[in-house]
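Descriptive structure summary
Each chain is listed here by its residues.
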Amino acid sequence: MELAGTSLAPSLPSRILHFHLFFLIFATILCFQPAHCLSKLGNETDKLALLQFKAKISNDPNGILSSWNDSVSFCKWQGVTCGSKHQRVTSLNLQGLSLSGTISPHAGNLTFLRFLSLGDNRFHGEIPQEVGYLFRLRHFNLSNNQLGGEIPGNISSCSELRLLDLINNNLVGKVPAELGSLKKLVILFIGENSLTGKIPNSLGNLSSLQMIYLAENHLQGKIPNEFGQLTSLTLLELGVNNLSGIIPPPLYNISSITSIGTTFNQLSGSLPANIGLTLPNLEQLFLAQNEYFGSIPESLANASRLRLIDISNNSFTGQFPTDLGYLKGLESLHLEFNFFGSNTSQDLSFLPSLANCSNLQQLYFDGNNFGGALPSSIGNLSNLVQLGFGRNPISGTIPEEVGSLVNLYRLDMDRNLFSGSIPISFGKLQKLERLTLNQNLLSGEIPAFLGIAELQLPACPIKEEKDRGPSIVIVLTTTISSFLFVVIAAFLCLFYWQKSKNSPTSSTFTVDELSRRLYIAIDVASALHYLHDHCETPIVHCDLKPSNILLDSDMTAHVGDFGLAKLLAESANSPSQSQTLSTGIKGTIGYMAPEYGVGSSVTTYGDVYSFGILLLEMFTGKRPTHDVFTDGLDLHNFVKAKLPRQVMQVVDPTLLTPGEVGAATAAAAENMDNDGSIDDSVREYVVSVLQIGLKCSTEVPKDRMSMKDATSKLNDIKDTFLHRHQKIVQNGSTMQQPQQQ
């Protein structure tokens, strides 16, 4: 039997021999097949990959992918381009088509792909690992989507990559160190995500890199010294992160750099004395909101291409250079909130030279120590549209020459030591929308030539401060037709009301106080809802904060100060399509949407963020600039970490202090069981309000709710809470009657 079995079944070596023989025959046959057969096989692979890609699209509002069918060759499908030689897909461009869905991993089978652009859509899910198979890929753009997860490290296998653009998604995790092997990479844009950890030193190996954009993430640590090796670098944007340390000195020696941005970090150090000589091509210098110190080098004037300078909110000291007039192309100069000047007559000697900067439109040097008189040469800055020098010890009278700045629409002169009257020349400022003169030593009447259409003074006392005259703010709005000209003489604003209510001597708060704050919040929300959704052209306020919320005699809230307001085109009311902000940081630190810190576009979502912070402040009693907010902690995360179980740890303690609740409510409280019913009601109410504040102040603009929804939800809370409160009061009154009889 064994012999028979052996004769019928081939041995293992024999089977291997047969396999090799079959393989050789098959390979020989293939060698004699026409090339178009192999090409057809590849074409079918590409077609199948495209159909699998289409299958993952859940919404195609414009019907773009309806052309992807058998009626025409896949090389003629919309967005698809094939190479002429092999008819393989070399480009897939579906940019800006509002497509929703996930990215199919079968996209990795398009191995001839050189150009892949899916930006400005609504893709979610993760970036598939299979993109690492696209070894011919040169252009990879997934910007402005909703993609999450981590950046696949195997993108480093795409060794031909020149552009990697993942801006404005929801990506998390670290920046992959493997990206440092993309030797041909020219543009690296991975900002506006939620990336954490340190910037990999390996990025310094990208010798071809020209533009790097890592802004608006949560990156920590230092800027790698290896960045000094990026000798082709033109753009370095690292703003809105948690970076510390200094800018590596070798970076200042890369002469090709045109733009440096480190806004909103914790970077320190001083600027090198020869910065204007080593960076001759510098056009933009954005260093605002850091901890830089020292003086501004005179050599800065040698960087003759400089257009935009924003070094505000730092600790720079000394006199400001007097020869910046050599910067003929200078458009915007922000020096505010530093320690420039020494309260002497020489402090403002830099102003005359700026007359040579014929393109200068924005000049801000508020919040410094500039003293002496304002020179009459200020009138030579004829192209200025925004001028701010409030919060300085500038003294003397206001020069008549200020009236020569006929293009101004904003002029801030508040909190100085100006005396005398408002110059008659101000009547020439026909474009003026905002003029602030509060907290000076001015005297005389408000001139009629300012064109005030109506005078409205709230029924509250004028606030006066020691050694200062009455606070006067003139708000002129000429471009927004739905608002009157208003003169506001100090009164009351939400900021001062909150301050007085939170003082130790204030009376205790009650359920009625909770209602009062909710009504104020609804007033503000309703005003923004009107501006965003009911004006013929949407209006964005751009500077919502407590001091711009005005309370009249019956505590009705009004939104004021439209000096930074913007009119948006109809297509602009989205995070990805809108007009851009005026150069430099606008708004107020703490309330300003984080995307504005790096010059992102103006949208209604910016106001929503400010409202969210305002709402959190009203119910926690903490300003967003409170000293407790350090080391990455902010008001939003402070509240978020405690909701809902630990809400009592963040809520304004005065709101929860037992006080004069009225006889009816007190009686109801005394007669209720000790089950915490009233406390639970208050807790539920406060949690609901704070959750709206959190939803409005999320970091990613498109994750915020609209003001329409915020207004609706606040009104729902009001109706529910007040109904419950009135029922408690009624029950209390009923229980009291027998005792009264």
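Residues numbered from 1 in each chain as written. Predicted model: local features only at pLDDT ≥ 70, side-chain atom pairs only at ≥ 80, totals over all residues. Heavy atoms only, no water.

**A closer look at unusual backbone geometry**
Glycine aside, the phi torsion of most residues is negative, and most peptide linkages are trans. For clarity, the threshold we go by: Note on conventions: DSSP H or I runs of at least 4 residues are helices, E runs of at least 2 residues are strands, and numbering of each starts at the N terminus. Categorising residues by exposure relies on relative accessible area from a 1.4 Å probe, with only protein chains included: less than 20% of the type maximum marks a residue as buried, more than 50% marks it as exposed, and the intermediate range marks it as partly exposed.
Cis geometry marks the peptide bond from Leu-643 to Pro-644; its omega dihedral reads -5 degrees. Tracing the backbone shows Pro-644 in the loop between α8 (635-640) and α9 (663-671). Located in the positive-phi region is Asn-168, a residue other than glycine, with phi close to 60 degrees. Tracing the sequence through the fold places Asn-168 in the loop between β8 (163-165) and β9 (187-189). Take Asn-168: its relative accessible area is 8%, and that puts it in the buried class. With phi around 75 degrees, Cys-542 is a residue other than glycine that occupies positive phi space. Mapped onto the elements of the fold, Cys-542 is located in the loop between β32 (539-540) and β33 (549-551).

**Section: the state of the cysteines**
What counts, and what does not: The term disulfide is used for any two cysteine sulfur atoms that are within 2.5 Å.
Across all of its chains, the model carries one disulfide by this definition. Between Cys-75 and Cys-82 runs a disulfide, and the two sulfur atoms are separated by 2.1 Å. Disulfide Cys-75 to Cys-82: torsion about the S-S bond roughly -90 degrees, handedness left-handed. The pair formed by Cys-75 and Cys-82 is uniform in burial state, with each residue classed as buried.

**Remarks on empty space enclosed by the protein**
As a reminder of what qualifies: Here a cavity denotes grid points, spaced 1 Å and computed from the protein atoms alone, that fit a 1.4 Å probe unable to get out, and a pocket denotes an open set having protein on both sides within 12 Å along at least 5 of 7 lines; residues with an atom within 4 Å of a point are the lining. Grid points are joined across faces, edges and corners, and a volume is the space filled by probe spheres set on the points. For this scheme, ten residues count as nonpolar: Ala, Val, Leu, Ile, Met, Phe, Trp, Tyr, Cys and Pro. Four count as charged, namely Asp, Glu, Lys and Arg, and the remainder, Gly too, count as polar.
Under the definition given, this model contains two cavities of 30 Å³ or more. What the largest cavity holds in volume is close to 50 Å³. If you go around the largest cavity, you meet 13 residues; those closest to its centre are Cys-542, Asp-543, Tyr-591, Met-592 and Ser-610. Residue classes in the lining of the largest cavity are distributed as six nonpolar, four polar and three charged.

**Topic: the sheet that holds strand β13 (residues 242-245)**
Rules: Strand pairing is defined by DSSP finding a minimum of two bridges between the two strands.
Ordered in space as β11-β13-β15-β17-β19-β21, the six strands form an open sheet in which the pairing is parallel. Either end of the sheet is taken by a strand with one partner, and the two such strands are β11 (220-221) and β21 (339-340). Where strand β17 (residues 291-294) lies against strand β19 (residues 315-318), two bridges are found, and the strand directions are parallel. By the bridge assignment for β19, Phe-293 is matched with Ser-315.

**Focus: the packing of aromatic side chains**
The line we're drawing: Note on aromatic contacts: the rings of Phe and Tyr and the six-membered ring of Trp form a pair at centre separations within 6.5 Å, being stacked when their planes are under 30 degrees apart, edge-to-face when over 60 apart, and tilted otherwise.
With the rule as written, the count across this model stands at 17 aromatic pairs. Plain terms: the ring middles of Phe-320 and Phe-350 are 5.4 Å apart, the flat faces sit at 65 degrees to each other, and that makes the pair edge-to-face. Taken together, the residues span a long stretch of sequence, with Phe-320 in the loop between β19 and β20 (332-334) and Phe-350 in the loop between β21 and β22 (362-364) at a distance of 30 residues. Here Phe-320 and Phe-350 have matching classes, each one buried. Among the aromatic residues, those joined into a cluster by ring pairs are Tyr-292, Phe-316, Phe-320, Phe-340, Phe-350, Phe-365, Phe-370, Phe-389 and Phe-418.

**Let's talk about helix α7 (residues 604-620)**
Applied cut-off: What a helix is expected to span follows from its residue count: subtract one and scale by 1.5 Å.
End to end, α7 covers 25 Å across 17 residues, agreeing with the expected 24 Å (1.5 Å per residue, within 8%). Most of α7 is tucked away, with 17 of its 17 residues classed as buried. Positioned one or two residues after α7, Gly-621 has a phi angle of 75 degrees, which is positive.

**Some words on the pattern of salt bridges**
As a reminder, the rule being used: Whenever a carboxyl oxygen of Asp or Glu lies within 4 Å of a side-chain nitrogen of Lys or Arg, that contact is scored as a salt bridge.
Following the criterion strictly, the structure yields 14 salt bridges and no others. Between Asp-652 and Arg-517 there is a salt bridge; the shortest N-O distance is 3.1 Å. You can see Asp-652 sitting in the loop between α8 and α9 and its partner Arg-517 sitting in helix α6 (residues 511-533), a full 135 residues away along the chain. Each member of the pair, Asp-652 as well as Arg-517, carries the same accessibility label: buried. Of the charged contacts in the structure, one is a salt bridge between Arg-704 and Glu-595, with a shortest N-O distance of 2.9 Å. With Arg-704 in the loop between α10 (677-696) and α11 (707-740) and Glu-595 in the loop between β35 (566-567) and α7, this residue pair connects regions lying 109 residues apart in the sequence. Side by side, Arg-704 and Glu-595 carry an identical accessibility label, which is buried. Taken together, the shared-partner salt bridges in this structure form one network comprising Glu-160, Arg-162 and Lys-184.

**Some thoughts on the sheet that holds strand β4 (residues 100-102)**
In any sheet, the strands associate via hydrogen bonds between backbone groups, in a parallel or an antiparallel arrangement. Definition in use: Lines are fitted to the C-alpha atoms to define the axes, a helix being fitted only along its stretch in contact, and any angle between axes, read from their N-to-C directions, falls within 0 to 180 degrees.
Strand order in the open sheet formed by three strands is β1-β4-β6, and the pairing between neighbours is mixed. Here the strands that pair on one side only, and so sit at the sheet edges, are β1 (57-59) and β6 (122-124). In this sheet, neighbouring strand axes are inclined to one another by 25 degrees on average, regardless of whether the strands run parallel or antiparallel. Examined bridge by bridge, β4 and β6 share three bridges and lie parallel to one another. When the sheet's bridge partners are listed, Thr-102 is paired in β6 with His-124.

**Concerning the environment of Phe-286**
Put simply, the rule reads: In what follows, residue pairs with any heavy atoms lying within 4.5 Å of each other are defined as contacts.
Here Phe-286 shows up in strand β16 (residues 284-286). Residue classification places Phe-286 among the buried residues on the basis of a relative accessible area of 17%. Here the alpha-carbon distance between Phe-286 and Ile-311, two residues 25 residues apart in the chain, equals 6.2 Å. With near-sequence residues (within four places) excluded, Phe-286 lies in contact with Ile-260, Gly-261, Thr-262, Thr-263, Leu-308 and Asp-310.

**Thoughts on the environment of Phe-337**
Turning to its location among the elements, Phe-337 is positioned in the loop between β20 and β21. Those residues within four positions of Phe-337 in sequence are excluded, and the remaining contacts are Ser-312, Asn-313, Asn-314, Asp-366, Gly-367, Asn-368 and Arg-391.

**Here's the deal with the pairing of strand β3 (residues 89-93)**
With four of its five residues buried, β3 lies for the most part within the structure. With three bridges joining them, strand β2 (residues 80-82) and β3 adopt antiparallel strand pairing. Of the residues in β3, the one forming a bridge with Thr-81 is Ser-91. With antiparallel pairing between neighbouring strands as the criterion, β2 and β3 make up a hairpin whose turn holds six residues, including Gln-87 at a positive phi of roughly 55 degrees.

**Notes on the confidence of the model for the chain**
Applicable threshold: For every residue, the predictor reports its confidence as pLDDT, a number between 0 and 100.
When pLDDT is averaged along the chain, the result is 81, and 76% of the positions lie at 70 or above. Considering each helix and strand of the chain separately, the mean pLDDT is smallest for strand β31 (residues 486-488), with a value of 31, and largest for strand β7 (residues 139-141), with 98. Here residues 503-509 scores under 50 on pLDDT; set against residues more than four positions off or in separate chains, the count is twelve contacts. Scored below 50 in pLDDT, residues 733-741 shows seven contacts in the model against residues more than four places distant or in partner chains.

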